[in-house]
Every structure is written in structure tokens, then in C-alpha cells.
Amino acid sequence: MMHIVATAGHVDHGKSRLVRRLTGMEPDRWAEERRRGMTIDLGFAWTSLDSGERVAFVDVPGHERFIGNMLAGLGPAPAVLVVVAADEGWREQSEEHLEAVNALGLRHGVLVVARSDLADPAPALAQARERVARSSLGACEALAVSAETGEGIDELRSALRRLVARLPEPDHGARVRLWVDRSFTIPGAGTVVTGTLGEGSLRVGDALELGRRPVRVRGLQSLGEDHDAVPARARVAVNLRSTPVDAVGRGDVLVTPHAWHWTREVDASLHGCVAADLPGELTAHVGSGSWTARVRPLGDGFVRLRLPEPLPLQAGDRLILRDPGRRAVLAGATVLDVDPPALRRRGAAARRAGDLASTEPLGPSGPRRVDIAREVERRGAMRPRDLAVLGVPPQDLLADVLGVRHVGEWLVSESAWQHWQSELLAAVHRRIAEVPLDPWLRLEEARRLTGAPDVATLTAAARDAGLEVGEGKVSRPGVRPSLGAAEPGLQALERQLSEHPFAAPERGQLDAWGLGARELAAAETAGRLVRLVDDIVLLPRGPALAMRELAALDQPFTTSAARQALGTTRRVVIPLLEHLDARGWTRRVDPTHREVAR
Ligand SMILES: Nc1nc2c(ncn2[C@@H]2O[C@H](COP(=O)(O)OP(=O)(O)O)[C@@H](O)[C@H]2O)c(=O)[nH]1
Ligand SMILES: [Mg+2]
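If you're wondering where the values come from, they're calculated on a predicted model, not measured in any experiment.

Rules and cut-offs
- What you see as residue numbers is a count from 1 along each chain, following the sequence as written.
- Both sets of labels track the order of writing: A upward for chains, 1 upward for ligands.
- Only residues with pLDDT of at least 70 get local features here, since the model is predicted, and only at 80 or more are side-chain atom pairs given and counted; chain-wide, interface and lining totals rely on the full set of residues.
- Side-chain measures here rest on the full set of heavy atoms in the structure, leaving out hydrogens and waters.
- Working definition: helices are DSSP H or I runs of at least four residues, strands are E runs of at least two. Numbering for both runs from the N terminus.
- Burial here depends on accessible area, computed with a 1.4 Å probe over protein chains only, as a share of the maximum for the residue type. Under 20% is buried, over 50% is exposed, and the range in between is partly exposed.
- Within 3.5 Å is the distance limit for a polar contact, defined as a pair of N or O atoms, with the added protein rule that one can donate a hydrogen and the other accept it, and that residues adjacent in sequence qualify only through two side-chain atoms.
- In what follows, a contact means two residues having at least one pair of non-hydrogen atoms within 4.5 Å.
- Nonpolar cores were defined as sets of buried Ala, Val, Leu, Ile, Met, Phe, Trp, Tyr and Cys residues, with membership established by side-chain atoms within 4.5 Å.
- Nitrogen, oxygen and sulfur within 2.8 Å of a metal are treated as its donors, or within 3.2 Å for sodium, potassium and calcium (Na, K, Ca); water is not counted, so a site can appear incomplete.
- Here the term cavity refers to a set of points on a 1 Å grid, laid over the protein atoms alone, in which a 1.4 Å probe fits but cannot get out; the term pocket refers to an open set having protein on both sides within 12 Å along at least five of seven lines, with lining residues being those that place an atom within 4 Å of a point.
- Grid points are joined across faces, edges and corners, and a volume is the space filled by probe spheres set on the points.
- Each residue is assigned to one of three groups, with Ala, Val, Leu, Ile, Met, Phe, Trp, Tyr, Cys and Pro labelled nonpolar, Asp, Glu, Lys and Arg labelled charged, and all others, Gly among them, labelled polar.
- Any two strands between which DSSP finds at least two bridges are classified as paired.

Let's shift gears to the side chain of Ser 201. Examined against the element boundaries, Ser 201 turns out to sit in strand S9 (residues 201–203). Among the residues examined, Ser 201 registers a relative accessible area of 14% and is labelled buried. Separated by 2.9 Å, the side chain of Ser 201 and the backbone oxygen of His 172 make a polar contact. Beyond its immediate sequence surroundings of up to four residues, Ser 201 is in contact with His 172, Ala 174, Val 176, Asp 206, Val 230 and Pro 231.

Following this line, the structure appears as C-alpha cells:
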């Protein structure tokens, strides 16, 4: 197993020298760093403990000017080595780095008083202990060492062994999110990015996204060795195919494709600050990067942060908020919602803060469990993949959750389901009352009215509510079109047709009876008329009566013979014969003759 530990502490307090002593490797990689005797960028070195476990150190700069680099190293690391010089004691960047540790909610660390050959370490130890105890590290192990004499180094190695044993196991199957802390080119191999892999695994050949562009893993290294696969946690160098080196840099992020919700807006809770004191614009450090974020206080220690570009964030992510003008860490923020609802109405912000407060308290740092019922409730319906990108692990996606129904490919909240059903019942009743001639509601219209995600899901809700669904329409079971006011007119038509079955009335007569196209269509749907074309109508038994007369004619017969036999007009007989042809009861033998089919 590999573990990652970042250093923290004031400049010149002995961090790099200590890492060198522990690993035998030089963490200050740049000529300028060695010339100036100062860490500027992140350094990397590693060692094996007696237990066989490996510890990779991310050595950070202590100088105030390089706080951005420091946070890039600290952000993705799960544990920290806080270093204080015995001869200097607690200083500004000791405090600043501890604030960052605290903002990130890091709980795993060791406090080391270094350079203890230069002064009695006891006062610095006591002072630092007292500070650290008030941070998220709490009462962590603390000891004095000298990189010069080697005093305390064995004890430190033991303390590191105990430290890494307490770190939670990473999930090797989790989606990948690698915050890039370095990028460079290797002649012949192309672009390489490095980072701390906190969860999941990487394999050669993996398709990933860098930012939002697809990339492919061409090669992997961890601690200087090639690998086909690297499981978390690890320091990893990823050689990317067809990625120009200037397309990638610190703060970029390499992720499992389609597995993350990319967001510009998050709701977060604050630590160590009240929202009212925050400037409207500040620097937010996330992972290995930093962005200018706009802050909207929601009230009660909650804020909405707006980022300049979408980032793959999840609930539980920790951000460090700094004032771009003043250096100091202003607050830590914990992401609570990566897909926050729009705040439109008056008082919405305060209500939102109340909602967020009820999602507290937070567990320890790390991805936060997404409350499936709550997420589905807020949106009414979600697909499993919508939940997965919010960070719900695959095994939880299909679990039964109180208040959530599985309907086809959707998860639907019980209250949305009931809401759709009551909206639907009301709309169906309205339709029956308002359009009695056509008392069926189109499903697509019903879907829009209810806000259900699709017609299939709404159909399930309609059936569950006892409604009848068919041919893209929904209504009460057994509902028939009602002629209502047109009933007397229809009865007059029926009387005329039962006396003269083929004397289909003309439009003027139909109008006089109040029978428009819609009424005729409704009467036809109700099975009381047959429409030959448009407004030429017979009783349903008319075609069969016609067949009786036509069968008695000499076969084949002409249209005019048929007209005379039926005692009607060409206006009626032509569509009637075509109707009979279509039913297969008569057929044409030549352009002027038909016969009754046998
Ligand atoms: N005497 C002594 N000097 C040390 C010790 N550790 C570091 N130093 C010196 O302190 C200075 C700063 O150390 P460095 O590791 O670069 O500090 P960093 O800025 O915290 O990384 C260097 O001159 C080191 O040689 C130690 O244990 N004993
Ligand atoms: Mg250094």
C-alpha cells in the first residue's frame, strides 16, 4: 500500500531536509530551489516503512509567496506532517498552513518539531501542540527530531506507521478524479501529468477526460516505476496520448468520463467564518487549483459559490477560501450540493440555508453520502445516472429507498408521483367536461401539465391512478364521447337514415341539426354513425343494407345501376362503393364495373 503525506510549516523550518532524511531523496527538484535553499514548487520523495508500506511525501513550500503551490500539494493529500523548528517556534506560515489543514478538515497528521539539535524542542513542542489541538488534526502524535543528528527519526517512522494505519481504505472501484499538480513533456512519450490518486484505479489504455476533453492513458508510472495499473492511493504520473502539454496544467483534472457532475455553482457550509464577513469575490482553492469565485451568502454560515468554469465536484469536497488581497485563509467550505436549485423568490436564500442546515451535521471529511430520497424529492424524478454523477455509489443506485419508487428507468419521489396523479385526474375531468365530444387527454399534453419526465412514466402513474391509457391518450375508463347539445340533431339524423338508409343529408341539413365535423366524429367514435367521407354519413348498418341490394343486381354492375338500386345520388353512391371496396365486400372488375365479392 502507498500513502500520501503532505508537509506543512513555516519556511526554513526543516521540512525539505526532513523529507530528504526520511527518504534519501531530494525533494527540491529545481536548480533555483537548490541555489536559493528554498522550496518554491511541490517536491516529491518516498520511502518504505518497516511494515512494507510506502509513504510518498508531497513537500510544500513554506514561503508565504508560494501559498498557492502549497495548497495545490496539500489539497488532495489525506494526511499531513506539520513541521515546526525548535529554534523558531510557531510562526506566520505555521499558522497559515494549519488554517489550511483545518479548512480542508484533515484529521490525520503528525506534529514534528524539527531542528531540535539547535534548541530545546520542549517550548516549541508545547506551543505547537496547543495550536494543532484546536484544528481538525486534534490531539495528534507529536515528537521532536533532528535531521542533522538523526535523533527522533526512528520514532517518526513509527509514528508514520501508526498514522497510515489509521487512514481509511480507499475504494479502488470508485470513479477517478486526479487533480493535476504537475505537467511536463518527456521526449518521445509526450505529455505527462502527475497527481495524487485518492480513489479509484488507473490503467494503461483507460479512456478519461481531461477537463472535458477525451484523452487516453498511454503509460503509467508510480514512484518512478512503470505500471499497467495503479490503484489508489498513489502518487501517479500519467502519460497521455495526443494531448499537447500546453493544454494542461496545475488545477486541471483528469476524470472518469461521464461520471461526474460538472458544476459552476455549489452550495457550501463555512467553517471558521461568518458569511457576512466574506468579500463578494474571493479565491477558492479546490484540489490542486484555485479559481476566483463569487460568493452569495445564504445566511447562517452557508454560501452559494459561483466558479468561473465548471468543475467536477461532489458533496463533501473541501474548499479553502482566501481573500485575494489579504493573504489569510478566510474560511474552509464544505460542498453540500453541486446542483443547487435556483433562488428566485424573496427569502429563497434564507430558506435554502435552512434546508442546508438540515442536511448537517457533516461526517468526517471525504465524499459525503448523498441522500437519495432527498435528491429525488427535490427533482421529482431522477435517473440512476443522474444520482451517480452526484456521487452515489453504483451499489446504492438500485436499493429500495423509503419514499422513492422505481418506475422504468426513473426513480420517482412518492410526492411527485401523487402530485402527477392528482394533476392528471383534475386534467382528465376538465377534458371530459370541456370537450365531451372528445373526452381524451393527449398524453404528451398531460406530461407537460404534470411535469413528469416522459410519457412512459406518466402512463404508469395514470394506470396506477385507475385511469385508462391507449393510443397516446388518457381518460376515465369506459368514457364515451357525449353529444350533449347535439343529441336531438343526431336523433333526427338517425330517424331520417332509418327511413331512407342511403339518403345522407347535405351539409346545410346537418348544420341545421347542429352537427358539425366534431359532432359527426364523436357520433362515429360512439358507434352511432359511419362516415364515408367528410360529412357523408350513414347508420352503422347502412353498408350491410347496401350489400343486400347490390347482391341482387346482375354481376358485374355499373355505378349508375348501383345508384338506381339504392335510390340515391352520385354524391353518396361513389363514396359508398369505395367504402365497400375498402372493406373487401365489392371489387372493381374494370374502370366502369364492379362485382360483389364472394
Ligand atoms: N541543524 C539543523 N539544521 C536543519 C535541520 N533541518 C533543517 N535544517 C536546516 O534548516 C534550513 C532550512 O531547511 P529546509 O529543509 O530547507 O526548510 P524548509 O523551508 O522547511 O523546507 C536548511 O539550512 C537546513 O539545512 C536540523 O534538523 N538540524
Ligand atoms: Mg522546503
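More follows now that the structure is in view.
Attention now moves to the nonpolar core. Membership of the largest hydrophobic core comes to 57 residues, with the highest contact counts inside it found for Leu 74, Leu 137, Val 238 and Leu 254. Setting aside anything within four residues of it in sequence, one finds Leu 137 in contact with Val 80, Val 82, Leu 98, Val 101, Leu 106, Arg 107, His 108, Gly 109 and Val 132. With 38 residues, the next largest nonpolar core counts Val 253, Ala 293, Leu 319 and Leu 390 among its residues.

As a further point, take the coordination of the magnesium ion (ligand 2). Tetrahedral coordination by four donors places them ideally at 109.5 degrees to one another around the metal; octahedral coordination by six donors ideally gives 90 or 180 degrees. Looking at the magnesium ion (ligand 2), the protein donor atoms are Ser 16 (OG) and Thr 39 (OG1), and they sit 1.9 to 2.1 Å from it. Remark: Thr 39 occurs in the loop between helix H2 (31–36) and strand S2 (43–48) and Ser 16 occurs in helix H1 (residues 15–23); sequence separation between them is 23 residues. Relative accessible area serves as the criterion here: at 10%, Ser 16 is assigned to the buried category. Take Thr 39: its relative accessible area is 7%, and that puts it in the buried class.

Applying the stated criterion to the full structure yields 2 cavities of 30 Å³ or more. The space that makes up the largest cavity amounts to roughly 40 Å³. Surrounding the largest cavity, Ala 315, Leu 336, Asp 337, Val 338, Val 370, Glu 375 and Leu 390 form its lining. When grouped by side-chain class, the residues that make up the lining of the largest cavity number 5 nonpolar, no polar and 2 charged.

To continue, consider the sheet that holds strand S25 (residues 441–442). Strand pairing within a sheet occurs via backbone hydrogen bonds; the two strands may be parallel or antiparallel. Read across the sheet, 3 strands follow the order S25-S27-S26 without closing on themselves; strand pairing throughout is antiparallel. Only two strands of the sheet have a single neighbouring strand rather than two, namely S25 and strand S26 (468–470). The pairing of S25 with strand S27 (residues 473–475) spans 2 bridges and is classified as antiparallel. Within S27, the position partnered with Arg 442 by the bridge is Lys 473.

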